[in-house]
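Residues per chain are reported as follows:
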Amino acid sequence: MADKQRVRDAPGVLMSAAFKEGTILPKKGEDNVLITSALPYVNNVPHLGNIIGSTLSADVFARYNRTRNRNTLYICGTDEYGTATETKALEDGVSPQALCDKFNALHREVYEWFEIGFDHFGRTSTPKQTEIVQSFYLNIRKNGLLQTQTREQIYSEEEGRFLADRFVEGTCPHCGYDEARGDQCDKCQRTFDSPMELLNPRSKMRPSSKLTTRPTSHMYFDLGKLQPDLERWLKETATRNNWPGNLVISSDREIVEARMKAGLQPTAITRDLVWGVPVPKTGDEEEDKAMEGKVMYVWMDAPIGYISITANYTDKWEEWWLAPDDVKLFQFMGKDNVYFHTCFFPSLLLGDGRPWTKLNYISATEYLQYEGGKFSKSRNIGVFGNNAQETGIPPSVWRFYLLSRRPENSDSEFSWNDFIGVNNNQLLKNLGNFVNRVLKFVVARLSSTVPGPSDEAGGPVASDAASAADAASFEVLEARFVADVNEILARYAGEMERAHIRSAIDSLMALSARGNQWIQDNKLDNTLLAEQPARAHRVVLLAVNLIYTLTALVHPFMPSTSTAMLAQLDAPPRGLPTAFSVDLLPGHVIGKPDYLFTNIDAKMEDVWRAKYGGASAAGVGAAAAEPQLSKKQQAKLAKEAKKKAETAVPETPEARALAEKVKAQGERVRAAKAGQELEDGKGVEGELAELKRLKGELDELTRKFAGAKV
């Protein structure tokens, strides 16, 4: 079919970065993007919330960078050491290594089905991990940042051993949660230096065992000595790279993390465990004896896994990780990992002393809820990685739905009704309809050949007639179409550069909708082809090339759908354009059109909810058990709900895009107030005026939407 392909030959048209063979290494003078997603813990099956929170989001960002032909490396792997693995292995009656082997394979299968394209997916239980973690320990020690402390630690009399943090459970002293772990409370996210801080501690494996305390020595990392350097780095990096506010540093660049505000304290980095990186010998006889049989704390070990996994990928790993001037590091995670990636891991890098590649930009999500509640494997509630495949729904649909509901600024919710609606109303009727309608017309009426003048050279399409007086003329329709496409392309790129994935997916669908509008505005049908063939040919030429453009935007979110679109176009993968252009030239012969998506029967909502749990599946009895409200309470709730509905930003692409503009302009105002130079800056007063204008537009749109619903 190659002789039937007519594709414009120009720099940047094709996506070459996605097809690099061999080892990916940074290149001097080029954009080198290093991406990590939080290492999933090995002892469980990832659920949809885990997947959207890190691995899938990072995959989208990696694929986007490849559409920009940037040198991109995406690294991940299973986090395998620590108490949780030891505990699970004891429960299952297997060795920790056997447990890790089993779950590492399971994770790989889940991510492969979801089409998550790691450049390398590794694990932390490797000799290379031991080597690099121990080198960190010795360098931090050499730099005077370690201290030995002897403290009382919980000892289980029946089990005959010290209990590491996660072998102990009890009541959180801060929030009262009764199932807090010995190192961290899952409810309030506070961490503990010792399980002794818990109230009413008990052994996780043997709750009846008598617990006492005995002295034991551990090594502590003196974070306080590094805090001035850490805060300076945090503020400079967050400002330079325009971070959104997070749990550690606000959008005003103030430190808000409680531990840092109170002053970082020495934190233990060793544990009394078997399964982990052994504490290395230092040559100090007394110290080595005190550390005999101990291993590294999991949060000393886990983030260094990014480095060791890269080292297992290539012997030239230092070109990625010891190259702060050549490489930009982007890290994806859930919000519960923000402290460790913005404070603890950077402190390790600072304390080690080598010139490490540090975090450039962080993208953290809130939580994805399931049908009004939480995912729970033990209670069989929620969709876990292996369940998605059982539904028979393709990975592209799952990816699109999860990404369109990505909990970027607040918790979001998975619901079966919404899932089915997104497939049937957005994917099928918008994107699928546009592609199928255009390509079927080309096959049926144009002998599968892209129409147009034989001397059409292609390239960017002009939009300078968009403001002409004759609004009904074809030239004006085309110019406005091109201007709209270019505006959406610019918006999409801006959103993706900052990993605003949910907004970017709205832009993708807005571009597809604009294609449908282009066909409608021109009334493309057999009559137009017969009576105005030149116009019909131009309409089809631009529509086909918009589909080609769409393949680049679709690729990060639904890679197999993008591949299917390319097959139907019989075209090579396209890079992301900065402006709309004609790249599939007249005479190009397309492939065979086919449906990209299929309708999901609404009846499946009840089937899937019954199988995987959910609000309605909980039964009438649960609803009946809820306390009845008085009429006064009901009226108050109704009033609050009405007020919330009237002020809530509408769930439409237009409203979301405007809300993102308000957010971005707010950041520009803060930057202007801080004295930063801004591109096309208007001064503080000008930036404030623009923010007020955008807020006014959003308020007006919200009022109109609320009025329309009434």
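For the structure, see preceding data.
As the structure is a prediction and not an experimental result, all values here were calculated from the model. (Residues numbered from 1 in each chain as written. Predicted model: local features only at pLDDT ≥ 70, side-chain atom pairs only at ≥ 80, totals over all residues. Heavy atoms only, no water.)

Engineer: Explain helix 4 (residues 127-142) to me, please; I cannot follow it from the model alone.
Structural biologist: One turn of an α-helix holds 3.6 residues; hence residues three or four places apart share an orientation. With 16 residues, helix 4 ought to run about 22 Å at 1.5 Å a step, and its terminal C-alpha atoms sit 22 Å apart, in line with that. Along helix 4, the residues that are buried comprise Gln129, Thr130, Ile132, Val133, Gln134, Phe136, Tyr137, Asn139 and Ile140. Once helix 4 ends, the next one or two residues include Gly144, with phi positive near 75°. (Helix = DSSP H or I, 4+ residues; strand = E, 2+ residues; numbered from the N terminus. Expected span 1.5 Å × (residues − 1). Buried < 20%, exposed > 50% of the residue type's maximum accessible area, 1.4 Å probe, protein only.)

Engineer: Help me understand the packing of aromatic side chains, please; the structure alone is not making it clear to me.
Structural biologist: The way to describe two aromatic rings as a pair is by their centre distance and the angle between their planes. Tallied over the full model, the rule gives 37 aromatic pairs. Pairing Phe61 with Tyr64 gives two aromatic rings, centres 6.4 Å apart and planes at 35°, and the pair type is tilted. Here Phe61 and its partner Tyr64 are both found in helix 1 (residues 48-67), three residues apart, which amounts to about one turn of the helix. A ring pair is formed by Phe61 and Phe332, whose centres lie 5.4 Å apart and whose planes are at 50°; its orientation type is tilted. Separated by 271 residues along the polypeptide, Phe61 in helix 1 and Phe332 in strand 13 (residues 328-334) bring together distant segments of the chain. Accessibility assignment for this pair places Phe61 and Phe332 in one class, buried. Through successive ring pairs, a cluster of aromatic residues spans Tyr370, Phe375, Phe384, Trp398, Tyr401, Phe414, Trp416, Phe419, Trp608 and Tyr612. The side chain of Arg259 reaches across the aromatic face of Tyr339, ending 3.8 Å from its centre. (Phe/Tyr/Trp six-rings, centres within 6.5 Å; stacked < 30°, edge-to-face > 60°. Lys NZ or Arg CZ within 6 Å of the ring centre and 35° of its normal.)

Engineer: Help me understand the sheet that holds strand 9 (residues 211-221), please; the structure alone is not making it clear to me.
Structural biologist: Whether parallel or antiparallel, the strands of a sheet pair through hydrogen bonds between backbone atoms. Strand order in the open sheet formed by four strands is 5-4-9-10, and the pairing between neighbours is antiparallel. Every other strand in the sheet has two partners, leaving strand 5 (161-162) and strand 10 (267-268) as the edge strands with one partner each. Both strand 4 (residues 146-156) and strand 5 contribute to a ladder of two bridges, which runs antiparallel. If you follow Ser156 over to strand 5, its bridge partner there is Arg161. (Pairing = 2+ DSSP bridges.)

Engineer: What's the story with the pairing of strand 1 (residues 32-37) in this structure? I'm lost.
Structural biologist: Regular strands show a simple pattern: their side chains alternate between the two faces of the sheet. The element strand 1 is extensively covered by neighbouring structure, given that six of its six residues are classed as buried. Where burial is concerned, the two faces of strand 1 agree: the one with Asn32, Leu34 and Thr36 and the one with Val33, Ile35 and Ser37 are both buried. Sheet topology note: the strand 1/strand 2 (residues 71-78) ladder contains five bridges and is parallel. Bridging across to strand 2, Val33 finds its partner in Thr72. With respect to chirality, the unit in which strand 1 leads through helix 1 into the neighbouring parallel strand 2 is right-handed. (Right-handed = clockwise from strand over helix to strand, strands pointing away.)

Engineer: Explanation requested: the environment of Gly515 in the structure shown.
Structural biologist: Structurally, Gly515 is set in helix 16 (residues 501-521). Since its relative accessible area comes to 0%, Gly515 is described here as buried. Linking Gly515 and Val485, residues 30 residues apart in sequence, is a C-alpha distance of 8.8 Å. Ignoring anything within four residues of it in the chain, the contact list for Gly515 reads Phe434 and Leu546. (Contact = heavy atoms within 4.5 Å.)

Engineer: Help me understand the pairing of strand 9, please; the structure alone is not making it clear to me.
Structural biologist: For strand 4 and strand 9, the ladder comprises 11 bridges, and the chain directions are antiparallel. By the bridge assignment, Thr148 is partnered in strand 9 with Met219.

Engineer: Would you take a moment to explain the sheet that holds strand 3 (residues 120-123) for this structure?
Structural biologist: Spatially, the five strands line up as an open sheet ordered 3-2-1-13-14, and their pairing is parallel. Two strands close off the open sheet at either side, each with one partner strand: strand 3 and strand 14 (359-365). Each neighbouring strand pair of the sheet contributes to a mean axis angle of 20°, computed without reference to strand direction. Here strand 13 pairs with strand 14 via six bridges, running parallel. Within the sheet, the bridge partner assigned to Met333 lies in strand 14 and is Ala364. (Axes fitted to C-alpha atoms, helices over the stretch in contact; angles between N-to-C directions.)

Engineer: Got a minute to help me understand unusual backbone geometry in this structure?
Structural biologist: Note on backbone geometry: most residues besides glycine have negative phi, and most peptide bonds are trans. Even without a glycine there, the phi angle at Arg253 is positive, about 65°. Within the secondary structure, Arg253 is located in the loop between helix 5 (227-240) and helix 6 (258-262). A relative accessible area of 14% places Arg253 in the buried class. Phi at Asp570 is positive, roughly 50°, even though this residue is not glycine.

Engineer: How should I be thinking about the packing of helix 13 (residues 395-404) against helix 14 (residues 416-445) in this particular structure?
Structural biologist: Each pair of packed helices can be described by the angle between their axes along with the distance between the axes. Their axes nearest at 10 Å, the elements helix 13 and helix 14 cross at an angle of 110°. Comparing their axes, helix 14 and helix 13 come out roughly perpendicular. Note on element contacts: helix 14 touches helix 13 through Trp416, Asp418, Phe419, Val422, Asn423, Gln426 and Leu427, opposite Val397, Trp398, Phe400 and Tyr401. Class assignment for the residues of the contact of helix 13 with helix 14 results in eight nonpolar, two polar and one charged. (Parallel < 35°, antiparallel > 145°, perpendicular 65-115°, else oblique. Nonpolar A, V, L, I, M, F, W, Y, C, P; charged D, E, K, R; others polar.)

Engineer: Any chance you could explain the nonpolar core here in plain terms?
Structural biologist: Nonpolar side chains in soluble globular proteins tend to be buried together. By size, the foremost hydrophobic cluster in this structure holds 177 residues, and its most contacted members are Phe114, Phe221, Trp321, Trp398, Phe419 and Phe557. One finds Ala164, Cys185, Phe192 and Leu273 within the second-largest nonpolar core, a separate group that totals 12 residues. (Core = buried A, V, L, I, M, F, W, Y, C linked by side-chain atoms within 4.5 Å.)

Engineer: How should the state of the cysteines be read in this particular structure?
Structural biologist: As used here, a disulfide is simply a covalent bond connecting the sulfur atoms of two cysteines. The full count for this structure, using the stated rule, is zero disulfides. Its sulfur unpaired, Cys175 is 3.6 Å from the next cysteine sulfur, which belongs to Cys185. According to the relative accessible area criterion, Cys185 is buried, its value standing at 0%. (Disulfide = S-S within 2.5 Å.)

Engineer: Explain the side chain of Glu169 to me, please; I cannot follow it from the model alone.
Structural biologist: Residue placement: Glu169 occurs in strand 6 (residues 168-171). Polar contacts involving the side chain of Glu169 include one to the side chain of Lys204, which spans 3.3 Å. Once residues lying within four places of it in the same chain are set aside, the contact partners of Glu169 are Ala180, Leu198, Asn200, Pro201, Arg202 and Lys204. (Polar contact = N/O pair within 3.5 Å; in protein donor to acceptor, adjacent residues only side chain to side chain.)

Distances and angles like these do not, on their own, reveal function.
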